[in-house]
Amino acid sequence: MATKQPPEPPAEGTSSPANGGLSEADVIAMHSDPKFVLLKQRLYRFIFPMSLAFMAWYLLYVLMSAFARDLMSTPVLGQFNLALVFGVLQFVTTFGIAIAYSSYSRKNLDPAAADVRKALEEKAEDR
């Protein structure tokens, strides 16, 4: 049985069907395009602060579990203590961030990505 070989990569500077008929130079040039720069800025504007906030929140949970055991063992509701509440809130926070990102992406990233895609498609059509 013959094994299927992967397709040969296109010669440098030539277009490829895999990247929509764009050359490597076109794709690299897009990195400095204002539309692409705006897309990256909008993405980073959400990702970095949210990541830092979540990591700080998680670190607080870990440190309090390690060094504030008396506080974390405080009963909140019956058998549930503060540590368990914090642990569950980690999951709630994770899902909240995912929902917030989905909304942010739909409003801010998707339109900018469509602009970048349109600009790339126009470059491919000009060939």
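Counting restarts for each chain: residues are numbered from 1 in the order of the written sequence. In view of the model being predicted, local features appear only for residues whose pLDDT reaches at least 70, and side-chain atom pairs are presented and counted only at 80 or more, with totals across whole chains, interfaces and linings using the full set of residues. Side-chain calculation: all heavy atoms of the structure are included, whereas hydrogens and water are not.

1. Things to note about the overall build of the protein chain
Stage number 1. Put simply, DSSP H or I for four residues or longer makes a helix, DSSP E for two residues or longer makes a strand, and each gets a number counted from the N terminus. When helices and strands are counted, the protein chain shows four helices and two strands.
Stage number 2. The long-range share in the protein chain, meaning contacts at least 24 apart out of those at least 6 apart in sequence, stands at 58%.
Stage number 3. Computed with the Shrake-Rupley method and a 1.4 Å probe, the accessible areas treat only the protein chains shown as cover for residues. A total accessible area of about 9,600 Å² is found for the protein chain, and carbon and sulfur atoms account for 66% of it. The contact criterion used throughout is that any non-hydrogen atoms of two residues lie within 4.5 Å.

2. Remarks on helix α2 (residues 34-67)
Stage number 1. The length a helix should cover is 1.5 Å for every residue beyond the first. With 34 residues, α2 should cover 50 Å at 1.5 Å per step; its first-to-last C-alpha distance of 48 Å lies within 8% of that length.
Stage number 2. Listing the buried residues of α2 in full gives F36, L39, F46 and M64.
Stage number 3. Elements that come into contact with the buried residues of α2 comprise α1 (24-30), α3 (69-72) and α4 (82-126).
Stage number 4. Contacts described as polar in this section are N or O atom pairs within 3.5 Å, which, within protein, must combine one atom able to donate a hydrogen with one able to accept it, while residues neighboring in sequence count only if both atoms come from side chains. At the N-terminal boundary of α2, the capping side chain belongs to D33, with an oxygen 2.7 Å from the backbone nitrogen of K35. For every residue, the accessible area (1.4 Å probe, protein chains only) is compared with the maximum for its type, and the residue is labelled buried under 20%, exposed over 50%, or partly exposed between those bounds.

3. Digging into the UniProt feature "transmembrane region" (unreviewed entry) in the protein chain
Stage number 1. UniProt positions are given in the numbering used here, feature names are shortened, and annotations may be inferred rather than shown by experiment. Feature annotation in UniProt places "transmembrane region" (unreviewed entry) on residues 46-68 and 80-101, given in this structure's numbering.
Stage number 2. End C-alpha atoms of residues 46-68 are separated by 32 Å, and the span's content is 96% helix alongside 0% strand.
Stage number 3. Secondary structure across residues 80-101 comprises 91% helix and 9% strand; the distance between its end C-alpha atoms is 31 Å.

4. Remarks on the packing of α2 against α4
Stage number 1. Think of each axis as a best-fit line through the C-alpha atoms, taken over the contacting stretch in the case of a helix, with angles from 0 to 180 degrees between the N-to-C directions. Across the interface, α2 lies against α4 with an axial gap of 9 Å and an inter-helix angle of 175 degrees. Classified by the angle between their axes, α2 and α4 sit roughly antiparallel to one another.
Stage number 2. For the contact of α2 with α4, a count of residues per class yields 23 nonpolar, five polar and four charged. Working rule for angles: under 35 degrees goes down as roughly parallel, over 145 as roughly antiparallel, 65 to 115 as roughly perpendicular, anything else as oblique. Three categories are distinguished: nonpolar for Ala, Val, Leu, Ile, Met, Phe, Trp, Tyr, Cys and Pro, charged for Asp, Glu, Lys and Arg, and polar for the others, with Gly belonging to the last.

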